[in-house]
Amino acid sequence: MPQGVIEKLITSHMARGAWAPGADIEIRIDQTLTQDATGTMAFLQYEAMGAGSVKTELSVSYVDHNTVQAGFENADDHAYLQSAAARFGVKFSRAGNGICHQVHLERFGQPGKTLLGSDSHTPTGGGIGMLAIGAGGLDVAMAMAGRPFALKCPRVSLVNLTGRLPPWVAAKDVILRMLQMLTSKGNVGTALEYGGPGVRALSVPERATIANMGAELGVTASVFPSDNVTRRFLRAQGRPADYTPLQADPGASYDRVINLDLSQIEPLAAAPHNPDNVKTVRELAGLAVQQVCIGSCTNSSYKDLMVAARMLAGKKIAPGISLVIAPGSRQVLEMIARNGALADLIAAGARIAESACGFCIGNSHAPPSNAVSIRTSNRNFLGRSGTRDAAVYLTSVETAAAAALAGKFADPRDLGANRYPAVRQPARFLADDALIVEPPAPAARASVPLIRGPNIGALPRNVPPPDTLAGIAQIKVGDKITTDHIMPAGAFLKFRSNVPKYAEYVFHPVDREFPARCKQARAQGRFSFIIAGESYGQGSSREHAALCPMYLGVRAVVARSFERIHAANLINCGMLPLIFQNPGDYTRVEPGDLLELPGLRTGLERGALVLKNLTRGADIPVQCRLNERERAIILAGGRLNLQVGPADAG
Ligand code: MIC
Ligand code: SF4
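What counts and how
- Residues numbered from 1 in each chain as written.
- Chains lettered and ligands numbered in written order.
- Predicted model: local features only at pLDDT ≥ 70, side-chain atom pairs only at ≥ 80, totals over all residues.
- Heavy atoms only, no water.
- Helix = DSSP H or I, 4+ residues; strand = E, 2+ residues; numbered from the N terminus.
- Contact = heavy atoms within 4.5 Å.
- Areas by Shrake-Rupley, 256 points an atom, 1.4 Å probe, with all protein chains shown as cover.
- Lys, Arg positive; Asp, Glu negative; His and termini not counted.
- Charge placed at Lys NZ, Arg CZ, Asp CG, Glu CD.
- Patch = residues over 30% accessible without salt bridge, like charges linked within 9 Å, V, L, I, M, F, W, Y side chains within 5 Å.
- Salt bridge = Lys/Arg side-chain N within 4 Å of Asp/Glu carboxyl O.
- Buried < 20%, exposed > 50% of the residue type's maximum accessible area, 1.4 Å probe, protein only.
- Near = heavy atom within 4 Å.
- Nonpolar A, V, L, I, M, F, W, Y, C, P; charged D, E, K, R; others polar.
- Core = buried A, V, L, I, M, F, W, Y, C linked by side-chain atoms within 4.5 Å.
- Polar contact = N/O pair within 3.5 Å; in protein donor to acceptor, adjacent residues only side chain to side chain.
- Pairing = 2+ DSSP bridges.
- Axes fitted to C-alpha atoms, helices over the stretch in contact; angles between N-to-C directions.
- Arc of directions from axis to C-beta.
- Phe/Tyr/Trp six-rings, centres within 6.5 Å; stacked < 30°, edge-to-face > 60°.

> Go over the overall build of the protein chain, please, and point to the residues and values.
Within the protein chain one finds 23 helices and 27 strands. Projecting the C-alpha coordinates of the protein chain onto the three principal axes gives extents of approximately 70 × 55 × 55 Å. Counting contacts in the protein chain only where the partners sit at least 6 residues apart, residues at least 24 apart contribute 77% of the total. When the accessible area of the protein chain is evaluated, it comes to approximately 21700 Å², of which 50% is carbon and sulfur surface. Taking the 67 positively charged and 55 negatively charged side chains of the protein chain as two groups, their mean positions are separated by 2 Å.

Right, dumping it as structure tokens:
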């Protein structure tokens, strides 16, 4: 049978099960990546497993999220991570080396391999022909220990690309168009395979931009074939031996085919407050802008920065604009420093930020109140920028730089087709891995001391659930609640390795009393429930959005639907992701209601439970379709308990 690229990647890594879209399967993981904001928990969990050196072909621990170091906390995390990398045989990419996804693409990505990363934008690696998937830290820790990764075999849609992008239209506009068509809801369980004649005209970093924001669609992975473009990119990175071709067989069949003519796409922008709220730049033209931020794992490649530099060279940014530029990696920064493009950016008035996540995660460069901020990043959730009433728009570098010059939204095409700065991929990238620390030889690893500063808290563990789960509906939220609502990052990022402290901020942007109410319930011997609408847990992979509520005594979330990574994180923490069997029953639970979930064990076997609303006298049918592995995890009170024995405190 002819196979597509994704089918080839999955079947060649199958550890359990067989190719059948929707089926429970397990795949072998070749490479992992972790970053500092999720990595401390992942390595604490890895430590708890007692697994010794990692069993993967390659594992890299990146420091890119919390590089602000306001206080000792971030620096302590970095020291712990560096010591853990040495102890467990992991490469360590130091602060300053760049954003994990950009650096991984440049230095480590390999077509035909699988990559699991504790960051939702890990699928960026699909740009180089990898099956790259985002997951919670514990799943990545398990993969480092050599365990296969469990997932639902995806339904694959082929995105058949034809034509070529017109001048001033970028890869970012392609993925914004995809978001406009597919939205950020309802794509769980799907993977996108890009193909067709239009693929040839896209460079690897452009493909990576498109694959990156598959995370916003909620798809499991987005994968491009590996072809001559991939070969040239790897050669230019000094890694020709890492190239393998990977193409779909002629006649491969797909669940769905989406046709997209690149020549018909125009500059687009995701308007506040969701990446799928897409408008044309034409219709936004004239809207005054106060801030422009260029960077993030979506758009901070060499080409992105060169386009910005060519557009700004010899000009000045508009007086009302603050322009922030964060190159994606040290490679990009050094290359534009050496070729003079950096000087052009500085001369134009740009503020050059570190090669890190920076503004994207909201821990620096918050816009002013009520400001309009144009960003080349991938998420514009309410408050994520650090300013609650700011209006954040997501665009291409071309649109962002045009706005920086004009002081307002302006369609870059108006600059004239013949003035488009077409930037070619360099024949040779500057490859200097000096900020990547290699682990010591295996025999020397066991004696490496783990450096644990006071910010490295104890790993929270859950306990097996009682057969009747009784508790209080502590909060009722609407649709598309993101992990940024549940567990804000930004200013609180520094508590990522200290769950008791971080838990004080659960639902901070939505309801500041939530932690106190949960703690009070716990003191009275009651658990807590969260009630939610559709797509609960959209956005990041941060398992803190499960771990911290779990620490507060939350044992179940009842929602209309869940996003994939968050649902997996809840299960890993021994928390129940329950789905209203009748979506209308969402109206039959209100905050403060006393709830009971009897007969957990038999109910889980059946996949159906009855949620009793004791306050309203209502019996609400809920679904909990777990496979055998997931049921065992819930009944053990979390995946770590299965691995290392039960926790003794809740
Ligand atoms: C994000 O973009 O939201 C993050 C910060 O990279 C997260 C990971 C985290 O919360 O640490 C992600 O996308 O998974
Ligand atoms: Fe970093 Fe932003 Fe990318 Fe997340 S989305 S990895 S915060 S650059």
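> Just give me the short version of a positive patch on the surface, but keep the residues and values in it.
Side chains of Arg231, Arg232, Arg235 and Arg424 sit close together on the surface and give a patch of like positive charge. Inspection of the secondary structure assignment puts Arg424 in the loop between α14 (397–406) and β20 (436–437). By relative accessible area, Arg424 is classed as exposed at 73%.

> I'd like a description of the site of ligand 2, backed by residues and values.
Around ligand 2, the neighbouring residues are His65, His101, Asp119, His121, Ser296, Cys297, Cys357, Cys360, Ile361, Asn378 and Arg384. Among the residues forming the shell around ligand 2, the class breakdown is 4 nonpolar, 5 polar and 2 charged.

> Describe the nonpolar core, and please don't skip the residues or the numbers.
Among the nonpolar cores identified, the biggest contains 63 residues, and Val292, Leu323 and Leu345 are the most heavily contacted of them. Leave out the neighbours within four places in its chain, and Leu323 touches Val292, Ile294, Leu312, Ile317, Gly349, Ala350, Arg351 and Ala404.

> So what about the site of ligand 1? Which residues, and what values?
Ligand 1 sits among 14 residues. The nearest are Asp119, Ser120, Arg496, Ser541 and Arg542. A distance of 2.7 Å is found between an oxygen atom of ligand 1 and a side-chain nitrogen or oxygen belonging to Arg496. With the chains in place, 97% of the 330 Å² that ligand 1 exposes on its own is no longer accessible. Across the shell around ligand 1, the residue classes tally to 2 nonpolar, 7 polar and 5 charged.

> Can you lay out the sheet that holds strand β26 (residues 608–613) for me, pointing to particular residues and giving the numbers?
Within a sheet, adjacent strands bond to each other through the backbone by hydrogen bonds, running parallel or antiparallel. Pairing is mixed in the closed barrel, where 7 strands are placed in the order β21-β22-β23-β24-β27-β26-β25. On average, each strand axis in the sheet is tilted by 35 degrees relative to the strand beside it, whichever way the strands run.

> Go over the environment of Gly98, please, and point to the residues and values.
Within the secondary structure layout, Gly98 lies in the loop between β5 (91–93) and α4 (100–107). Once the C-alpha coordinates of Gly98 and Ser355 are considered, the two residues, 257 residues apart in sequence, prove to be 4.7 Å apart. Those residues in contact with Gly98, other than ones at most four positions away along the chain, are Val63, Asp64, Val103, Gly328, Ser329, Arg330 and Ser355.

> Which residues make up the environment of Val103, and what values go with them?
Inspection of the secondary structure puts Val103 in helix α4. Note on Val103: relative accessible area 1%, which makes it buried. C-alpha separation for the pair Val103 and Asp433, spaced 330 residues apart in sequence, amounts to 10.0 Å. Among all residues touching Val103, those that are not within four sequence positions of it are Tyr62, Asn97, Gly98, Phe108 and Ser329.

> Describe helix α13 (residues 341–348), with residues and values.
Within α13 the residues assigned to the buried category are Ala341, Leu342, Leu345 and Ala348. Viewed end-on, α13 has its buried residues packed into an arc of 130 degrees, placing them on one side of the element. Structurally, α13 contributes buried residues whose contacts are with α11 (302–312), β16 (322–325), α12 (330–338) and β17 (351–352). Immediately beyond the C-terminal end of α13, within one or two residues, lies Gly349, with a positive phi of roughly 115 degrees.

> So what's going on with the side chain of Thr114? Which residues, and what values?
With respect to the helices and strands, the residue Thr114 is situated in strand β6 (residues 114–117). Classification of Thr114 as buried rests on a relative accessible area of 0%. Within the local environment of Thr114, its side chain forms a polar contact with the backbone nitrogen of Asp30, the two atoms lying 2.8 Å apart. Not counting residues within four places of it along the chain, the set of residues in contact with Thr114 comprises His13, Ile27, Arg28, Ile29, Asp30, Gln31, Met130 and Leu131.

> Tell me about the environment of Gly112, and please be specific about residues and values.
Considering the arrangement of structural elements, one finds Gly112 in the loop between α4 and β6. On a C-alpha basis, the gap between Gly112 and Leu246 in space is 6.8 Å, while along the polypeptide they are 134 residues apart. When near neighbours in sequence (up to four residues on either side) are disregarded, Gly112 contacts Leu9, His13, Asp30, Gly129 and Leu246.

> Give a description of unusual backbone geometry that names residues and reports values.
The omega torsion of the bond from Pro272 to His273 falls at -5 degrees, within 30 degrees of zero and hence cis. Inspection of the secondary structure puts His273 in the loop between β13 (268–270) and β14 (278–280). One non-glycine residue with positive phi stands out, namely Asn370, at about 60 degrees. Structurally, Asn370 can be placed in the loop between β17 and β18 (372–375). For Asn370, a relative accessible area of 60% corresponds to the exposed category. Its identity as a non-glycine residue notwithstanding, Lys480 has a phi of 55 degrees, on the positive side.

> Account for the packing of aromatic side chains, naming residues and giving values.
Scanning all chains against the criterion turns up 12 aromatic pairs. When the centroid spacing of 4.9 Å and the interplanar angle of 70 degrees are considered together, the rings of Tyr46 and Phe88 count as edge-to-face. Placement of Tyr46 in helix α2 (residues 36–49) and of Phe88 in helix α3 (residues 72–88) is noted, with a sequence separation of 42 residues between them. Assigned by exposure class, Tyr46 and Phe88 land together as buried. Judged by centre distance (4.9 Å) and plane angle (70 degrees), the ring pair of Trp168 and Tyr420 falls under edge-to-face. Within this pair, whereas Trp168 is found in the loop between β9 (155–162) and α6 (171–182), its partner Tyr420 is found in the loop between α14 and β20, the two being separated by 252 residues in sequence. Of the two residues examined, Trp168 and Tyr420, each falls in the buried class. Ring pairs connect the aromatic residues Phe43, Tyr46 and Phe88, which therefore count as one cluster.

Taken by themselves, the reported measurements are silent on function.
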